[in-house]
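Below are the chains, spelled out letter by letter.
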Amino acid sequence: LDQLTTTAAMPVPLGINTHTAMRTGPVPCAGTSASAGSARRQKAPHANLRNHRRVSRSQPQALVCRAASKDESSSGSDSGAAPESTTRPSMGDSSKMSVDISPMTTTTTTTSPEKPDKKKPLVKPPTPLLDTVNHPMHTKSFNIQQLSQLAEEVRQEVIWNVSNTGGHLGASLGVCELTVALHHVFDSPKDKMIYDVGHQCYPHKILTGRRDRMPSIRQTDGLSGFTLRSESEHDPFGAGHSSTSISAALGMAVANELKGVANDRHCIAVIGDGAITGGMAYEAMNNAGFLDTNMIIILNDNQQVSLPTQYNAGNQDPVGALSSAFARLQSNRPLRELREVAKAVTKQMPGQVPEMTAKIDEYARGMISGTGSTLFEELGLYYIGTVDGHNMDDLVTILKEVKNTESSGPVLIHIITTKGKGYRPAETAMDKMHGVAKYDVSTGKQKKPTGGAPSYTQFFAEGLVAEAREDSRVIGVHAAMGGGTGMNVFEKTFPDRTFDVGICEQHAVTFAAGLACEGLKPFCAIYSTFLQRGYDQVVHDVCLQNLPVRFAMDRAGLVGADGATHVGAFDTAYMGCLPNIVLMAPSNEAELLHAIATCASIDDRPSAFRYPRGTGIGVDLEAEGVTGDDERKGKVLEIGKGRVVRQGKDVALLAYGSMVNQCMAAADMLEENHGVSATVVDARFMKPLDTELISQIAKEHEAMIVTEEASIGGFCSHVLQYLSLAGLLDGKLKVRPMCLPDFFIEHGAPADQMELAGLTERHVASTALNLLGRERDSMAVLEPGQRSGGLSSVEGREGIA
């Protein structure tokens, strides 16, 4: 690569932040000797950094790599696929590609380089270094400059891929340097790297042999948007919910000790400043400090969440040369080993000597530690920080020191990163483009569907605002999911009545219980999948005490691209078995507004309602009894009463929640194509059941299908329990339950998930025909090519959690 030639300049890929692509000279690629660079770093470790800062202010230069010919670009980096060979290809032929390094003007011109040329389609940025990496081991010979270039190429790869698939963008862009440094210093999969939640795992996937499959991420049969054990040996622990990484890493580290391999293996937990607000993270750190087990915790602080330790929310010390020097000193191998020897000696001394020396050590380290270090030190962790998470030299140096130090105990490295780093639309967006749909690379504008009904989340927010206007006791509570639950909309109108408690579902539930004790009306908005984390509090602190907390369980049922970690499958089972609670499931947006109004009126017991992700089905709200335009208010329903939405005579379709729409479509199919008359019943309530209505339809029909988009043990089980106890199964009535199958359904298109679950309108119609003894028609309905209009009710479920 030393023979690479300089050619005419190409524009920096549109939308890419040119400031992050600045270089002071030709950046060597793979294969360049690292000895000279190493020698220079030993003499002046920050010389290149100082030079970079000085030059970039006066005469910025952009690094642009491109293929030399159209034919070669089609098989190179522009294809988006990693080389199939397991060996690194030779990059010595200067005819293959070239590196452009040309000055960029800083003066304003008539044509801005930031504006896209509508006549020329955007081309995927070339990635000459990344094209040589098929496995983390391929980064071992890279020097600091090459690692920095690799991180930038990984960043551009993420930007390009996510623009075509959607996904979690901002967090991944912020950890490109960290991910490259980790894989350069440590040896995956022998060393375990555990990414908390998994929002930031895209660079990790790219570097661990999955680059060619990135265009399939979050798609049916494609890569998961989170880490997944079954997907790669480089994913030692699956993720999706937060605050689990430290516990898992500690367990693996202890297992290594018990197996006698701890000296040869390392366990690293990468956790963000949001996830570390979860109580489980502190429980794990406390236990890690007590066990004094060797492990590494990397706190990725992108300053997007206000932490209780004061090193965030504007109180953070600047990340500069001084903090960098202190971090290097803290990670220094001789210093840490000397501390271990000193502690071992003083423990053998009598009296208060060990306590006194510990205090001296604490004060001494306090002089060089960053703000907030005391909290982690008190938990028993050796704190190193703060570190510039985009300074490759510092990251590599500190990680190597920590890896090679022969000392015991957990270490926490506190790094500061920028969420959305290197992509201006993400850096300037309010949410840093955390979770995005497909977008235009040049502008960052997301390609969201236009027209149609608003989302269920939006309807929930508007309905809650309407209730709060009429009742000052209505309070909103959520667990760091203001955007996802719609509580941000509520907060704009009622900022003093909205409480974001952090990623702390347990605390959110009991906090809401405390509000209810004092006569307020808390609405606790938590995804169905996340409420699982606060289940004991629902049982012990709410239901047992019969407190009127209202649970709004968003994302009920299948959730499309977010997959098995976020599916809202189990709430009907885990909530349905609890005494004293009212459970509802609206079938459309009007019914959701009615559920909000109904729960607001319940003051003598807990209540909850579940609703799906995606958009409403477009019902006439006024005709359904909803009042208001911008702030829509529902009507109070009679508790425990369902409704017949379609009258028939041959088969009864009893549905709970979103499955009412599938049953209506199935009834149309049965009547139009098979001459079968179906009754469709919207149960509305699971607890209490409308036993009178259920008994009536059981006696009037020879066959009954009970349906729900939830797991075994939910609504269907409750209906069958009642039918059995009431003796309604003792005669000729044929009953079939239809719920989610007893396995986890992975990420994919909502229509594909419903097909796999067997809950489409065709499956409902087929089951009805089978019950009526028309087996041939039943099989014909399921043949490929049959219309399945009921799937349209789940098409709006695409998106990001």
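Please refer to the structure placed before this passage.
Here's a quick rundown of the structure.

Definitions and cut-offs
- Residues numbered from 1 in each chain as written.
- Predicted model: local features only at pLDDT ≥ 70, side-chain atom pairs only at ≥ 80, totals over all residues.
- Heavy atoms only, no water.
- Buried < 20%, exposed > 50% of the residue type's maximum accessible area, 1.4 Å probe, protein only.
- Helix = DSSP H or I, 4+ residues; strand = E, 2+ residues; numbered from the N terminus.
- Pairing = 2+ DSSP bridges.
- Right-handed = clockwise from strand over helix to strand, strands pointing away.
- Axes fitted to C-alpha atoms, helices over the stretch in contact; angles between N-to-C directions.
- Contact = heavy atoms within 4.5 Å.
- Phe/Tyr/Trp six-rings, centres within 6.5 Å; stacked < 30°, edge-to-face > 60°.
- Polar contact = N/O pair within 3.5 Å; in protein donor to acceptor, adjacent residues only side chain to side chain.
- Parallel < 35°, antiparallel > 145°, perpendicular 65-115°, else oblique.
- Nonpolar A, V, L, I, M, F, W, Y, C, P; charged D, E, K, R; others polar.
- Lys, Arg positive; Asp, Glu negative; His and termini not counted.
- Salt bridge = Lys/Arg side-chain N within 4 Å of Asp/Glu carboxyl O.

## Description of the pairing of strand β7 (residues 382-388)
Alright, step 1. Counting buried residues along β7, six of its seven residues qualify, which places the element largely inside the surrounding structure.
Alright, step 2. By the bridge criterion, six bridges tie β7 to strand β8 (residues 410-416) in an arrangement that is parallel. The residue of β8 that forms the bridge with Y382 is V411.
Alright, step 3. The parallel pair β7 and β8, bridged by helix α14 (residues 392-404), forms a crossover whose chirality is right-handed.

## Observations regarding the sheet that holds strand β4 (residues 192-195)
Alright, step 1. The strand order across the open sheet built from five strands is β4-β5-β6-β8-β7, with neighbouring strands paired in parallel fashion. With one partner strand each, in any of the chains shown, β4 and β7 form the two edges of the open sheet. Sheet twist, expressed as the average angle between the axes of neighbouring strands with direction ignored, equals 20 degrees.
Alright, step 2. As judged from the four bridges shared by β4 and strand β5 (residues 267-272), these two strands associate in the parallel manner. Paired with K192 across the bridge in β5 is C267.
Alright, step 3. On the sheet, helix α8 (residues 245-259) packs against β4, β5 and β6 (295-301) and is oriented at approximately 175 degrees with respect to β5.
Alright, step 4. Along the sheet, α14 contacts β6, β7 and β8; its crossing angle with β7, the most-contacted strand, is approximately 165 degrees.

## Observations regarding the packing of aromatic side chains
Alright, step 1. Applying the stated criterion across every chain, the model contains eleven aromatic pairs.
Alright, step 2. Seen in terms of ring centroids, F376 and Y383 are 5.9 Å apart; in terms of plane orientation they differ by 10 degrees. Their pairing is stacked.
Alright, step 3. The exposure class assigned to F376 is buried, which follows from its relative accessible area of 0%.
Alright, step 4. Measuring from ring centre to ring centre gives 6.1 Å for F570 and F744, while their planes differ by 75 degrees; the resulting arrangement is edge-to-face. In this pair, F570 sits in the loop between β13 (550-553) and α22 (571-576) while F744 sits in the loop between β21 (734-738) and α27 (750-757), placing the two residues 174 residues apart along the sequence.
Alright, step 5. The class of F570 is partly exposed, set by a relative accessible area of 29%.

## Things to note about the environment of N588
Alright, step 1. Relative to the helices and strands, N588 resides in the loop between β14 (582-584) and α23 (589-601).
Alright, step 2. As for N588 and Y456, which are separated by 132 residues in sequence, their C-alpha atoms are 8.3 Å apart.
Alright, step 3. Not counting the four nearest positions on each side in its chain, N588 is found in contact with Y456, I617, V619 and R643.
Alright, step 4. Engagement of the side chain of N588 in a polar contact is seen with the backbone nitrogen of A590, the distance being 3.0 Å.

## Remarks on the packing of helix α19 (residues 505-517) against helix α21 (residues 535-543)
The geometry of a pair of packed helices is captured by two quantities: the angle between their axes and the separation between those axes.
Alright, step 1. Look at α19 against α21: their axes get within 9 Å of each other, and the N-to-C directions meet at 10 degrees. For the element pair α19 / α21, the angle class is roughly parallel. Seen from α19, the contacting residues are Q506, V509, T510 and A513; seen from α21, they are Q537, V538, D541 and V542.
Alright, step 2. When the residues that make up the contact of α19 with α21 are grouped by side-chain class, the tally is four nonpolar, three polar and one charged.

## Examining the environment of K140
Alright, step 1. Residue position: K140 is located in the loop between β2 (97-103) and α4 (144-165).
Alright, step 2. Taking the C-alpha atoms as reference, K140 lies 7.4 Å from V185; in sequence the two are 45 residues apart.
Alright, step 3. With near-sequence residues (within four places) excluded, K140 lies in contact with H183, H184, V185, F186 and D187.
Alright, step 4. Here D187 takes part through its side chain, which lies 3.0 Å from a polar atom of the side chain of K140.

## Quick word on the side chain of E153
Alright, step 1. Within the secondary structure, E153 is located in helix α4.
Alright, step 2. Here E153 occupies a buried position and makes no salt bridge, while the nearest side chain of opposite charge, R211, is found at 6.9 Å.
Alright, step 3. At a separation of 3.0 Å, a polar atom in the side chain of E153 contacts the main-chain amide nitrogen of L129.
Alright, step 4. Apart from the residues within four sequence positions on either side, E153 is in contact with T127, P128, L129 and L130.

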